[in-house]
Amino acid sequence: MKFAPIIQVKNQSVARVLIVALRAHGFHPLDPREGGLPGVPNLFGPEGFVVEVPEDEVADATALAEDLLRDMEGSTP
């Protein structure tokens, strides 16, 4: 099964919330990958954490993740 990225966020906590919410809605995201070095969240660059789902779930999962992220950003004081 091939996976594709749907969204990238800077905060690992936000990535984990998105992953839990996607799973609750029936999607199958991968767990966030760590760079393997202390303090290095991603070996591919400083852009944060990528959330990936199977290719056949990309369109619907992207729409949901973007909506959830907008809601989370709107709820911060």
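Structure: above.
Everything quoted here is computed from the prediction, not taken from an experiment.

Trainee: Give a description of the nonpolar core that names residues and reports values.
Mentor: Counting 15 residues, the largest nonpolar core has Ile-6, Ile-7, Leu-22, Val-51 and Ala-61 as the members making the most contacts within it. When near neighbours in sequence (up to four residues on either side) are disregarded, Ile-6 contacts Leu-22, Val-51, Val-53, Val-58, Ala-61, Thr-62 and Ala-65.

Trainee: I'd like to hear about the pairing of strand E2 (residues 49-54), residue by residue, with values.
Mentor: When you tally the buried positions in E2, you get 5 out of 6 residues, the bulk of the element. Direction of pairing for strand E1 (residues 3-9) relative to E2: antiparallel, over a ladder of 6 bridges. Bridging from a neighbouring strand, Phe-3 pairs with Pro-54 of E2.

Trainee: Break down helix H2 (residues 58-74) for me, citing the residues and quoting the values.
Mentor: Over its 17 residues, H2 runs 24 Å from end to end, which matches the ideal 24 Å to within 8%, given 1.5 Å per residue. Residues of H2 that are buried in the fold lie against E1, helix H1 (12-24) and E2.

Conventions adopted
Each chain carries its own residue numbering, running from 1 in the direction its sequence is written. Residues qualify for local features only when their pLDDT is at least 70, as the model is predicted, and side-chain atom pairs are given and counted only at 80 or more; totals for whole chains, interfaces and linings, by contrast, use all residues. Excluding hydrogens and water, the side-chain figures rest on all heavy atoms present in the structure. We call a set of buried residues a nonpolar core when its members are Ala, Val, Leu, Ile, Met, Phe, Trp, Tyr or Cys and they connect through side-chain atoms within 4.5 Å of each other. The cut-offs for exposure are 20% and 50% of the maximum accessible area for each residue type, with area from a 1.4 Å probe on protein chains only; residues under the lower value are buried, those over the upper are exposed, and the others partly exposed. Pairs of residues are marked as contacts when any of their non-hydrogen atoms sit within 4.5 Å. To qualify as a helix, a DSSP run of H or I must reach at least 4 residues; to qualify as a strand, a run of E must reach at least 2; elements of each kind are numbered from the N terminus. When DSSP locates at least two bridges between a pair of strands, those strands are taken to pair. A helix's residues, less one, multiplied by 1.5 Å, set its expected span.

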